[in-house]
Every structure is written in C-alpha cells, then in structure tokens.
Amino acid sequence: MQSNSIQIHPVGGAVGAEIVGVDLSEPLTTTVRDTIRHTLADRGVVFFRDQSLTPEQHIGLARQFGDININRFFTHAEGYPEIALVVKEPHQTRNIGGGWHTDHSYDQIPALGSILYAREVPPTGGDTLFSGMYAAYDALSDGLKRTLSSLRGVHSSRHVFGVARPDMQDRYRNPEAAVQDAVHPAVITHPESGRKALYVNPGFTLRFDGWTSEESRPLLDYLYRHAVKPEFGCRFVWRNGSIAFWDNRSTWHYAVNDYQGERRLMHRITVEGCELAG
Ligand code: SIN
C-alpha cells in the first residue's frame, strides 16, 4: 500500500485514531511505520479495519515496532508462543481484561503496547473502552500534579495472575510465575511524545511507595474515578479483521463483558518497551 494513501481520523476528543489506507499484512514502508508510531504516541491507540493477517503476518507486523513479549500467563495460539489468546467461549462467564488496567505495569520494563486482532467477534457487544492518561493528567489541578510528581506507584502481578482463579484456569497459566513487582513514577514522561501521563492503574497498582495501602487508597480511588471521565476516552466496536494497537504508557483499556453465550476470539501480540522515567 502506498504511503501517500494513508489517512488518520481521530476517534475521541482526547484518545484514539483510525488509520485507513494501510494493508498491515505487507511489510510497512519506513514512512508508514513512522506515521503509525507517531500517531500511537500522540493518540494512545490506533485502529485499523478489514485486515487479513496470518499468524506469521501478525508476528511480522509486531516485530516492525519492537521485540515481542512472550506472555507468561495467557495460553497461546497453537504453534505461536508470540500470540496470546484473548478468548471467551460461549460457556464461560468471565472475560479477560474486564476491568480498567494497563498491561504489564508490574514489569520493571513495561511493555510498549499490544496489537489486538479480532478473529471472531460476537454479533453485538464485546467492545473495548480506552481512556487517555495524557488528558487525565492534564486535567488535574496544579496542586495535585505537584503532589504526584514526587510519588511512585508500587505495581504487582501477584494478586491477578498468582492466585487460584478457578474461573480463569483454562485461560491463565503459570501462577507460580507471577512474581513481578515494580515501582514506577506515578506520572511518567512518555518516552516518545515527551508528554506527561498518569501512570497508576486499578488492575495492578497496589499503593504508593513508602505509603501503606490504607493511606494510598483514597488518593488512588480519586485518580481512578477521575481517569475514566468520558471526555478522556473512546469506545471501539470490533468487527472481524479489526485491529487495535494501544500504548500501555498513555492509556488504560477495559474489555466489556456483555456478550454472554457468544464466542469472542482475539489474537494479542505485545511489543516490549523501555524503562519509564518521571
Ligand atoms: C486485554 O485486556 O488485553 C484485552 C482487551 C480486549 O479483549 O478487548
């Protein structure tokens, strides 16, 4: 696909952009790859429609943005450890990612983001919500920004992947591998855009470093309510062949679980990132 046919259409006011005119099954030109990268850094999540990728092409696409993180906890597509299965079968009631979170904040070097490819979506429902952490940070008062500038969040994988989850045992594995704890600035400077982003999340942040859980709770709860104001977010309605590529450093996401009795099958590849600074 020619780089001069690429078009970018912002989706929400603060976050999200649909990119059209790109066939992701082909190797990207440097111009197209850089355009996707810059749009991702700016808008937090980019969407593509009507893509047709083999597992090899999905892997090839991800490698153009960095090394691939082999997920420790999710089952993977047969023969492709790089591809984590984000699946919910008709008889299953819990979904994966059904709460606000940003992936891998429990790692000392958190992943850049994920490329989620829709293989089988329910007739209705199963949307994904995104919230933009640049906008969430920008909207805070100067006083709270000053307080947060000296705080660091303690993140962990243990309480999510390390505990017995009978309801998720056919989709999560290796609970003994959930030993990751990490401390990151509560506000990071995004490594590519240079913008400030709120970097605590309800899924994996336990408390502020040097504070007890009890002391941390009221401020974290305030930030969690604030960060999902509708004006910071957007909603993506999937079709088979849709792709969302999100940046974990500047967005949260939430997989809506409103399609009981239907199947939803997504292939997710996660791209490695870098250490985060305030
Ligand atoms: C995830 O949290 O990685 C899954 C998101 C989704 O399935 O929409």
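Structure: see above.
Just so you know, the residues in each chain are numbered from 1, in the order the chain's sequence is written. With pLDDT at 70 or above as the cut-off, local features in this predicted model cover only qualifying residues; side-chain atom pairs require 80 or more to be listed or tallied, and sums for whole chains, interfaces and linings still use all residues. With hydrogens and water excluded, all non-hydrogen atoms of the structure serve as input to the side-chain values.

Colleague: For this particular structure, what's the right way to read unusual backbone geometry?
Modeller: Apart from glycine, the bulk of residues carry a negative phi angle, and the bulk of peptide bonds sit in the trans form. Backbone geometry at Asp-50 places phi at a positive 55°, although glycine is not the residue there. In DSSP terms, a helix is any run of H or I states spanning at least four residues, a strand is any run of E spanning at least two, and both are numbered starting from the N terminus. Relative to the assigned elements, Asp-50 resides in the loop between strand E3 (45-48) and helix H2 (55-63). For every residue, the accessible area (1.4 Å probe, protein chains only) is compared with the maximum for its type, and the residue is labelled buried under 20%, exposed over 50%, or partly exposed between those bounds. Residue Asp-50 is classed as exposed on the basis of its relative accessible area, which comes to 58%. Of note in the backbone geometry, His-104 takes a positive phi value of approximately 65° without being a glycine. The exposure class of His-104 is buried, given its relative accessible area of 2%.

Colleague: Teacher, can you tell me more about the environment of Val-256 here?
Modeller: Considering the arrangement of structural elements, one finds Val-256 in the loop between strand E16 (251-255) and strand E17 (264-271). Val-256 sits 129 residues away from Asp-127 along the chain, and the two C-alpha atoms are 5.6 Å apart. Contacts were defined at the residue level, with two residues in contact if any of their heavy atoms lie within 4.5 Å. Excluding its chain neighbours within four sequence positions, the residues that come into contact with Val-256 are Asn-95, Gly-126, Asp-127, Leu-129 and Arg-235.

Colleague: Quick question: what am I supposed to make of the side chain of Ser-131 here?
Modeller: Along the chain, Ser-131 falls in strand E8 (residues 128-132). Here the side chain of Ser-131 touches Ala-227 through a polar contact of 2.6 Å, landing on its backbone oxygen. Not counting residues up to four positions away in its chain, the partners in contact with Ser-131 are Trp-100, Ala-227, Val-228, Phe-232, Gly-233, Ser-250, Thr-251 and Trp-252. In protein, a polar contact means a hydrogen-donor-capable atom and an acceptor-capable atom, both N or O and within 3.5 Å, with residues adjacent in sequence counting only if both atoms are side-chain atoms; elsewhere, any N or O pair within 3.5 Å suffices.

Colleague: Sorry, what's going on with the sheet that holds strand E9 (residues 152-156) here?
Modeller: Two orientations exist for strands paired in a sheet by backbone hydrogen bonds: parallel and antiparallel. A strand pair is defined by DSSP finding two or more bridges across the two strands. Here 3 strands make up an open sheet; going across it, the order is E10-E9-E13 and the pairing antiparallel. Where the open sheet ends on each side, the last strands, each with one partner, are strand E10 (181-185) and strand E13 (205-208). Sheet twist, expressed as the mean angle between neighbouring strand axes with direction ignored, is 30°. Strand direction decides the pairing type here: E9 and E10, joined by 5 bridges, are antiparallel. Following the sheet pairing, Ser-156 is matched in E10 by Asp-181. Working convention: axes come from line fits to C-alpha atoms, limited for helices to the stretch in contact. Angles between N-to-C directions cover 0 to 180 degrees.

Colleague: In this structure, what is going on with the site of the ligand? I would like to understand it.
Modeller: Nearness here has a simple test: a residue counts as near a molecule or strand if at least one of its heavy atoms is within 4 Å of that partner. Around the ligand sit Val-86, Gly-97, His-101, Leu-116, Thr-128, Trp-246, His-253, Ala-255, Arg-264 and Arg-268, and those are all the residues in its vicinity. In this structure, Thr-128 approaches the ligand through a side-chain N or O atom, which is 2.5 Å from an oxygen atom. Within the side chain of His-253, an N or O atom sits 3.1 Å from an oxygen atom of the ligand. Note that accessible areas follow from Shrake-Rupley with a 1.4 Å probe, and for residues the cover is restricted to the protein chains shown. Taken by itself the ligand offers 260 Å² of open surface, and the protein chains cover 99% of this. Among the secondary structure elements, those contributing two or more residues to the shell around the ligand are E16 and E17. Its residues assigned to classes, the shell around the ligand shows 4 nonpolar, 4 polar and 2 charged. Amino acids outside the nonpolar list (Ala, Val, Leu, Ile, Met, Phe, Trp, Tyr, Cys, Pro) and the charged list (Asp, Glu, Lys, Arg) are all regarded as polar, and Gly is one of them.

Colleague: What exactly am I supposed to notice about the pattern of salt bridges here?
Modeller: Opposite charge on two side chains lets them pair, provided their charged atoms get close. Think of a salt bridge as a Lys or Arg side-chain nitrogen and an Asp or Glu carboxyl oxygen that are within 4 Å of each other. Counting across every chain of the model gives 15 salt bridges. We note a salt bridge from Glu-82 to Arg-63, for which the minimum N-O separation is 3.6 Å. Taken together, the residues Glu-82 in strand E6 (residues 80-88) and Arg-63 in helix H2 connect sequence positions 19 residues apart. Where Asp-221 meets Arg-217, a salt bridge forms, and the shortest distance between an N and an O atom there is 3.2 Å. Separated by 4 residues within a single helix, Asp-221 and Arg-217 lie in helix H6 (residues 213-227), roughly one turn from each other.

Colleague: Would you mind showing me how to read the pairing of E8 here?
Modeller: Looking down a regular strand, the side chains alternate between one sheet face and the other. Counting buried positions along E8 gives 5 out of 5 residues, so the element sits mostly inside the fold. Along E8, one buried face is formed by Thr-128, Phe-130 and Gly-132 and the opposite face, lined by Leu-129 and Ser-131, is buried too. Bridging between E8 and E16 involves 5 bridges; their strand directions are antiparallel. Considered in E16, the bridge of Thr-128 is made with Ala-255.

Colleague: Would you mind going over the sheet that holds strand E14 (residues 233-236) with me for this structure?
Modeller: One open sheet holds the 3 strands; their spatial order is E14-E8-E16, and the pairing between them is antiparallel. At either margin of the open sheet sits one strand with a lone partner, and together these are E14 and E16. Sheet twist, expressed as the mean angle between neighbouring strand axes with direction ignored, is 20°.

Colleague: What should I look at first to understand the packing of aromatic side chains in this one?
Modeller: Remark: the centre distance and the inter-plane angle together describe each pair of aromatic rings, the angle taken between the planes. Between 30 and 60 degrees the pair is tilted, below 30 it is stacked and above 60 it is edge-to-face, where a pair is any two Phe, Tyr or Trp rings, Trp via its six-membered ring, whose centres lie within 6.5 Å. Summed over the entire model, instances satisfying the criterion amount to 11 aromatic pairs. Between Trp-100 and Trp-252, the aromatic rings sit 6.2 Å apart at their centres with planes inclined by 50°, giving tilted as the arrangement. Placement of the pair is Trp-100 in the loop between E6 and strand E7 (113-120) and Trp-252 in strand E16, with a sequence separation of 152 residues. Across the pair, exposure class does not vary: Trp-100 and Trp-252 are buried alike. For the ring pair Phe-130 and Trp-246, a centre distance of 5.8 Å and an interplane angle of 50° mean the geometry is tilted. Separated by 116 residues along the polypeptide, Phe-130 in strand E8 and Trp-246 in strand E15 (residues 243-247) bring together distant segments of the chain.

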